[in-house]
Amino acid sequence: MIEVISLTKNYPGCRALDSISFKVDSGAMFAFLGPNGAGKTTTIKILTGILTPDSGEALINGISMIKDPVGAKKLCGYLPDTPMLFEKLTGMQYLNFIMDIFEVASGERPDRVNGLIDAFELGPHIDSIIESYSLGTRKKLGIVAAICHKPTVLFLDEPTSGLDPQSVRALKDTLKEMTGEGATVFFSTHILEVAEKICDRVAIIGSGRLVAEGSVDQLRARHNGAGTPAGALKSLEDIFLELTAKNPDNGPICMPA
Ligand SMILES: Nc1ncnc2c1ncn2[C@@H]1O[C@H](COP(=O)(O)OP(=O)(O)O)[C@@H](O)[C@H]1O
Ligand SMILES: [Mg+2]
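Residues numbered from 1 in each chain as written. Chains lettered and ligands numbered in written order. Predicted model: local features only at pLDDT ≥ 70, side-chain atom pairs only at ≥ 80, totals over all residues.

K.L.:
Would you mind showing me how to read the domain arrangement of the chain here?
P.N.:
A common way to express how large an interface is: the accessible area buried when the components associate. For the chain, the assigned domains are domain 1 (1-75 + 153-257) and domain 2 (83-150). For domain 1 versus domain 2, the distance between C-alpha centres works out to 26 Å. On the side of domain 2, 10 residues touch domain 1, which itself brings 11 residues to the contact. Of all the secondary-structure elements, those providing two or more residues to the side of domain 1 that touches domain 2 are β7 (153-157) and α6 (165-180). The greatest single-element share of the side of domain 1 that touches domain 2, amounting to five residues, is contributed by α6. Looking at the side of domain 1 that touches domain 2 residue by residue, the class counts come to six nonpolar, four polar and one charged. (Domains from an automatic or database assignment. Contact = placed C-beta atoms within 7 Å. Helix = DSSP H or I, 4+ residues; strand = E, 2+ residues; numbered from the N terminus. Nonpolar A, V, L, I, M, F, W, Y, C, P; charged D, E, K, R; others polar.)

K.L.:
What should I look at first to understand the sheet that holds strand β3 (residues 29-33) in this one?
P.N.:
Adjacent strands of a sheet form backbone hydrogen bonds with each other and so pair up, either parallel or antiparallel. Spatially, the six strands line up as an open sheet ordered β6-β7-β8-β3-β9-β10, and their pairing is mixed. Every other strand in the sheet has two partners, leaving β6 (76-79) and β10 (209-214) as the edge strands with one partner each. Direction aside, neighbouring strands of the sheet carry axes that sit 15° apart on average. As judged from the five bridges shared by β7 and strand β8 (residues 184-188), these two strands associate in the parallel manner. The residue bridging Leu156 from the neighbouring strand is Phe187, located in β8. Helix-sheet contacts for helix α1 (residues 40-47) involve β3, β7, β8 and β9 (201-206), and the interaxial angle to β7 is about 150°. Packing of α6 onto the sheet brings it into contact with β3, β7 and β8, and relative to β8 it is tilted by some 145°. (Pairing = 2+ DSSP bridges. Axes fitted to C-alpha atoms, helices over the stretch in contact; angles between N-to-C directions.)

K.L.:
Would you mind going over the site of ligand 1 with me for this structure?
P.N.:
Surrounding ligand 1, one finds 13 residues, the nearest of these being Tyr11, Lys40, Thr41, Thr42 and Cys254. Secondary-structure elements contributing two or more residues to the shell around ligand 1 are β2 (14-24) and α1. Ranked by the residues each element gives to the shell around ligand 1, the list is headed by α1, at three residues. When grouped by side-chain class, the residues that make up the shell around ligand 1 number six nonpolar, six polar and one charged. (Near = placed C-beta within 6 Å.)

K.L.:
Would you mind going over the packing of helix α8 (residues 216-223) against helix α9 (residues 236-243) with me for this structure?
P.N.:
Helix packing geometry: the angle between the two helix axes and the distance between the axes. At their nearest, the axes of α8 and α9 sit 10 Å apart, and the two run at 60° to each other. The angle between α8 and α9 places the two elements in the oblique class. Here α8 runs over α9; the crossing is left-handed. Along its contact with α8, which presents Val216, Leu219, Arg220 and His223, the element α9 presents Leu236, Ile239 and Glu242. The residue makeup of the contact of α8 with α9, split by class, is four nonpolar, one polar and two charged. (Parallel < 35°, antiparallel > 145°, perpendicular 65-115°, else oblique. Left-handed = near helix turned anticlockwise from the far one by under 90°.)

K.L.:
Looking at this model, I keep getting lost on the pairing of β10. Mind explaining?
P.N.:
On a regular strand, each side chain points to the face opposite its neighbour's, so the side chains alternate between the two faces of the sheet. Bridge count between β9 and β10: five bridges; the pairing is antiparallel. When the bridges of β10 are listed, Ile204 appears paired with Ala212. Once β9 ends, the chain turns through two residues before running back antiparallel as β10, passing Ser207 with a positive phi of about 50°.

In structure tokens form, the structure reads like this:
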């Protein structure tokens, strides 16, 4: 379970998050949506203990990421928007390094990684050094590294960017399997069809403020108003564009701090 309580984060001269709060239940698949610069990465970096908020609380299964970061991080997997990998290691050495950190017993490791390496078609690359990897292959290794230690709560920052359709399918299948086993998955994306298809709940952030939160059906019920012909349902894309349109009500992308 993830609880975000009144998180506020300022960068010099700019308020990136303005008191946002929401909750993600255990076993949920949660999509975090918003235009560029809305505050998605800042939120994920606070939730994974990389950034400290100016105020507010971030709880992972009840453990505070701010007060007990090591305790909270033990439960988490994280794919950054730009995976930072150790270039001189092979893919397999990198995965073993991650499993060392999360204290995965060596006997369990083949079971943890072999299926994922196959699913993401990493086999031909896994014993080559990361320096030689294409962007998409790096992303796939980053995904496997985030998942291989069986996190209770998984954060993925734009996991589909740079992935080929086969890998997007493998990702969707893997995430569904994880939530089926009780893990909580939180990901940001610009691919609204992916969010619409696989998520239980979505939150839309605009200019550091939460502008909508709920299941896609709930958002439709709330926003299927003016401009929708009788019988037609708005897509998540329509709702997203409406709620995040640049107008005076939605404010600037980054407010003065
Ligand atoms: N290190 C930083 N210093 C100053 N401003 C930042 C920094 N990181 C992000 N920002 C600003 O904070 C806002 C939110 O950024 P971010 O969380 O990266 O948005 P998103 O991931 O939704 O695109 C943007 O206006 C961005 O320019
Ligand atoms: Mg981002």
